[in-house]
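Read off the chains here:
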Amino acid sequence: MDGLDNRFGSGGGTGGTGGTGDPGRALGDFLRARRGRVAPEHVGLTGGRRRRVRGLRREELAQLAGISVDYYVRLEQGRATQPSPEVLDALAGALGLDAAERGHLATLTRAGRGPVPRPRVSPLLRRILDAMTDLPAFATDHRLDVVAWNDLGSELIGGLAGPDRRDRNNARFLFLDPASRLVHPEWEDRAAEAVGQLRVAAGRYPDDAELTGLISELGGLSPEFRRIWDSGEIVMCAAGRKRLRHPVAGLLTLDFETLHVPAAPGETGLVVHVFSAEEGSPEAAALARLAPAAAVAARS
């Protein structure tokens, strides 16, 4: 291995991002990473002191899934790329995959080739975002580029509209900008979500050179990105609570919801992230104080 550029570029080592753009290799990398996370004793096997591999051996996983070792090896090596639904279900069960991970596994076996979809923010979506004056909101595409926002959303997550704006790619901001750790106190959780979403997008759009380049860039520059990517993490966060730190309002605990905008032909769907606070809470009062200042900042 000559270095990071080799591992995270067109080449790729075990568990690295080299499989991006190649559905067969991406499938093998994902299976290998998840196999390494299953403790033998958790599935009724003896770990033993002389085990050389972390997690399950190939033959152990094949046995648990009820498939031949040869066929499983071909799956990991990218030589078999279209397993049946029954095989996928058996592998998912043996690996203990959750719903999001099962969905990603299925995506990797049906990734198609064709034009890369482009993001488009419709006038209607812009109107909706602008009308949400009391709720911070922004929209991202499959590469985690922030492609639209309202004034309060821009203010909450770091001045998207300003002349010295933060990086508008959320993954690049998280892994390459130290300011992200101030904005996101639970940085590790936000980082895992970003990597998981990029992994899903890479499986869905294997021909997206811009996406592959982003993953390669982050893998080459960020040890944290490499560590999370190597784990095979798939974390999809649809709703809940997040803490964000604002330079004026301080630490805010906000409810959030993600709304999916369906894709039109030739386009990629967008995800709208909306934050809110319970009426009468200190967070609601803080958002109310920020809203006028955010509107002025956006127009200055």
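Here goes a summary of the coordinates provided. These numbers were taken from a predicted model, which means no experiment stands behind them.

1. Thoughts on unusual backbone geometry
Okay, step 1: Here the phi dihedral of Leu144 falls at roughly 70 degrees; this positive angle occurs in a residue that is not glycine.
Okay, step 2: Mapped onto the fold, Leu144 is located in the loop between strand 1 (137-140) and strand 2 (146-149).

2. Comments concerning the pattern of salt bridges
Okay, step 1: Enumeration over the complete set of coordinates arrives at 18 salt bridges.
Okay, step 2: Of the charged contacts, one joins Arg172 and Glu217 as a salt bridge, the two residues approaching to 3.1 Å between their closest N and O atoms. Of the two residues, Arg172 sits in helix 9 (residues 170-176) while Glu217 sits in helix 12 (residues 209-221), which places them 45 residues apart along the sequence.
Okay, step 3: Look at Glu217 and you get partly exposed, because its relative accessible area is 28%.
Okay, step 4: Salt-bridge contacts for Arg241 lead to Asp255; the nearest nitrogen and oxygen are separated by 2.7 Å. Of this pair, Arg241 sits in strand 3 (residues 239-246) while Asp255 sits in strand 4 (residues 250-261), and the two are 14 residues apart along the sequence.
Okay, step 5: Asp255 gets classed as partly exposed once you look at its relative accessible area, which sits at 25%.
Okay, step 6: Connected through salt bridges with shared partners, the residues Asp29, Arg32, Arg35, Arg58 and Glu76 form a single ionic network.

3. Considerations on the pairing of strand 2
The side chains of a regular strand alternate, first on one face of the sheet and then on the other.
Okay, step 1: Pairing geometry for strand 1 and strand 2, over 3 bridges, is antiparallel. Considered in strand 2, the bridge of Ala139 is made with Ala148.
Okay, step 2: Counting the residues between successive antiparallel strands, the hairpin from strand 1 to strand 2 contains 5 residues, one of them, Leu144, with a positive phi of roughly 70 degrees.

4. With respect to helix 6 (residues 99-108)
Okay, step 1: When we look at burial in helix 6, the residues that qualify are Glu101, His104, Leu105, Ala106, Thr107 and Leu108.
Okay, step 2: Where helix 6 begins, one side-chain oxygen reaches toward the backbone nitrogen of Ala100, 3.2 Å away; that side chain belongs to Asp98.

5. Details of the sheet that holds strand 4
Okay, step 1: The strand order across the open sheet formed by 5 strands is 2-1-5-4-3, and the pairing between neighbours is antiparallel. For this open sheet the edge positions go to strand 2 and strand 3, each flanked by a neighbour on one side alone. Within this sheet the neighbouring strands show an average axis-to-axis angle of 30 degrees, counted without direction.
Okay, step 2: Of the strands in this sheet, strand 1, strand 2, strand 4 and strand 5 (270-276) are in contact with helix 7 (residues 123-131), which crosses strand 2 at around 55 degrees.

6. Here we look at the packing of helix 12 against helix 13 (residues 223-230)
Okay, step 1: One can describe the packing of helix 12 onto helix 13 by two numbers: an axis separation of 5 Å at closest approach and a directional angle of 115 degrees. In terms of axis orientation, helix 12 runs roughly perpendicular to helix 13. Where helix 12 crosses over helix 13, the two elements pack in a sense that is left-handed. Across the interface between the two elements, Ile215, Leu218, Gly219, Gly220 and Leu221 from helix 12 touch Pro223, Phe225, Arg226 and Trp229 from helix 13.
Okay, step 2: Considering only residue class, the contact of helix 12 with helix 13 consists of 6 nonpolar, 2 polar and 1 charged.

What counts and what doesn't
Residues numbered from 1 in each chain as written. Predicted model: local features only at pLDDT ≥ 70, side-chain atom pairs only at ≥ 80, totals over all residues. Heavy atoms only, no water. Helix = DSSP H or I, 4+ residues; strand = E, 2+ residues; numbered from the N terminus. Salt bridge = Lys/Arg side-chain N within 4 Å of Asp/Glu carboxyl O. Buried < 20%, exposed > 50% of the residue type's maximum accessible area, 1.4 Å probe, protein only. Pairing = 2+ DSSP bridges. Polar contact = N/O pair within 3.5 Å; in protein donor to acceptor, adjacent residues only side chain to side chain. Axes fitted to C-alpha atoms, helices over the stretch in contact; angles between N-to-C directions. Contact = heavy atoms within 4.5 Å. Parallel < 35°, antiparallel > 145°, perpendicular 65-115°, else oblique. Left-handed = near helix turned anticlockwise from the far one by under 90°. Nonpolar A, V, L, I, M, F, W, Y, C, P; charged D, E, K, R; others polar.

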